[in-house]
Amino acid sequence: MFTLGDLWEAITGEKVEHPLAFENGVVDSRLAVKGSLFVALRGEDEDGHDYVKDAFERGALAALVEREVEGYPVAKDPSSLPSSPEPFCILVEDSLRALQDLAAYWRRRFDLRVIGVTGSTGKTTTKETIWSVLRKAFPTLKSEANYNNEIGLPLTLLNLDESYQKVVLEMGMYDLGEIARLAEISQPQVGVITNVSHSHLERLKTLARIAQAKAELVEALPSNGVAILNGDDPRVKAMAQKTEAKVFFYGLSPDCDLWASDIESRGLQGVHFRLHHGEETLHVRIPLLGRHSVHAALAAAAVGLVEGEPWDQIVAGLQDIAAQLRLIAIPGIKGSTIIDDTYNASPASTLAALNLLSNLEGRKIAVLGDMLELGSYEEKGHRLVGRRAAETVDKLVTVGSRGRIIAEEAQALGMDEANFFAVESNQEAVNVLRRVIASGDLILIKGSRGMKMEEIVAKLGGK
């Protein structure tokens, strides 16, 4: 719980003793509660300054603003700071920068360990699995939902208090320099890199530039920190040359510090594998779905090891069902099972989901939407998915103009026209599925975040 004195010092550099305390920080006025700090941000479509009044009516104590808001006093110097909890504004040049400066100031107040997680795919599952492992031994805070950017990460740090010993932060990016800024704010001692793939290729143009952006995390680590790198990804492995921190490799090769063998996917029952570290070998079962989830488990176990956690607690964390996150199985209409993997999609993660589907018993239906932000890799990535779909599924439904490329490639590889449907909207997909789904079917639903394919799950689940 940071005070008004903390806030003032963070954004002005001027030390002020002021006991008025804030419960949290928010950028959405609907989330404001009694004692919140509301940060008014200007967006492409909306201006947070238009919601200052709403935030105050919900209980916010103060607002960081870039312009004065009618009806509310502005604190311009320490003498104008209110002595009682009455709504007021603090005028700053850049509200986002002020939020970030406050978060950086607040993070420095605590002697704890910060673990940063980034990569092209698998960041969220890896972050959740790390948290599941660490919380068995340490009070651990994590970034919630999609709080992985220049706004969400600072808001997470404002939730710190003396009770936490570890913090696990997911770090996303759209361009060079963004992860460096997140690391500057959060000061991680441990950095985990999952992989480098074609996500964000549309913005960064080349895989080399994507790798450069992700490497900003390991470059920011102190010399006494640890870079935990996916040794199976050549671009990630090469990042070992870009850090002064100790390097710990994980993967499927015996060359790694921590590696897995004898991987057996048991469909909806999870994955079994043998884990190796030095002379130690353990048999592990995780509730995550698909062989690809082993890398998330390895990364989490690696973090546990470098943080001094004993094996029994690491394994208990890996086996905790709370680690299951994005890819879940739920009952569907007509006695079917829906495999909900709608959070996001890239060619690599979609191929992994199709591989999981191939290991399951029953008639297989894949509902695949556009994969966005692939840039020059767009057509090739969709065609690769189309080929695997043709090999894996009994029926295919694609959504969107890019999804149509998946259907075209599946047809080119011999999929019968009666077994694939290329539609433009989620509702059209629902209409098709309601006709073709039968008892015992397995339906994988996956697409990029912008496709909002959770709408399909909502209309087909459990009815």
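For the structure itself, consult the block above.
These numbers come from a predicted model, not from an experiment.

Caption draft 1: Structural context of the layout of surface pockets. Within this model, the second largest pocket holds a volume of roughly 200 Å³. Forming the walls of the second largest pocket are Asn24, Gly25, Val26, Leu31, Leu141, Lys142, Glu144, Tyr147, Leu155, Thr156, Asn159 and Tyr164. Contributing elements (two or more residues each) for the lining of the second largest pocket: strand S1 (24-26), strand S7 (140-142) and helix H5 (152-157). Among the elements that make up the lining of the second largest pocket, the one with the highest residue count is S1 (three residues). Classifying every residue of the lining of the second largest pocket gives six nonpolar, four polar and two charged.

Caption draft 2: Expanded view of the nonpolar core. With 61 residues, the main nonpolar core has Leu37, Ile90, Leu229 and Met239 as its most contacted residues. What Met239 contacts, discounting residues up to four positions off in sequence, is Ile193, Val196, Ala211, Lys214, Ala215, Val218 and Leu229. In terms of nonpolar packing, the next biggest core, distinct from the first, is built from 36 residues, Leu258, Val271, Leu282 and Leu288 among them.

Caption draft 3: How the structure looks around the sheet that holds S7. Pairing within the open sheet is mixed, and its nine strands lie in the order S7-S8-S6-S9-S10-S11-S12-S13-S14. A strand with exactly one partner marks an edge of an open sheet, and here the two such strands are S7 and strand S14 (280-286). Shown here is a sheet whose adjacent strand axes are inclined to one another by a mean of 20°, direction ignored. Pairing between S7 and strand S8 (residues 166-170): three bridges, direction parallel. Residue pairing in the sheet places Leu141 in a bridge with Val167 of S8.

Caption draft 4: Representation of helix H11 (residues 311-319) within the structure. When H11 is considered as a whole, its buried residues turn out to be Trp311, Ile314, Val315, Gly317 and Leu318. Take H11 and look down its axis: the buried residues cluster within an arc of 160°, on one side only.

Thresholds, definitions, all that
Residues numbered from 1 in each chain as written. Predicted model: local features only at pLDDT ≥ 70, side-chain atom pairs only at ≥ 80, totals over all residues. Heavy atoms only, no water. 1 Å grid on protein atoms, 1.4 Å probe; cavity = no way out; pocket = protein on both sides within 12 Å on 5 of 7 lines; lining within 4 Å. Points joined across faces, edges and corners; volume = space filled by probe spheres on them. Helix = DSSP H or I, 4+ residues; strand = E, 2+ residues; numbered from the N terminus. Nonpolar A, V, L, I, M, F, W, Y, C, P; charged D, E, K, R; others polar. Core = buried A, V, L, I, M, F, W, Y, C linked by side-chain atoms within 4.5 Å. Buried < 20%, exposed > 50% of the residue type's maximum accessible area, 1.4 Å probe, protein only. Contact = heavy atoms within 4.5 Å. Pairing = 2+ DSSP bridges. Axes fitted to C-alpha atoms, helices over the stretch in contact; angles between N-to-C directions. Arc of directions from axis to C-beta.

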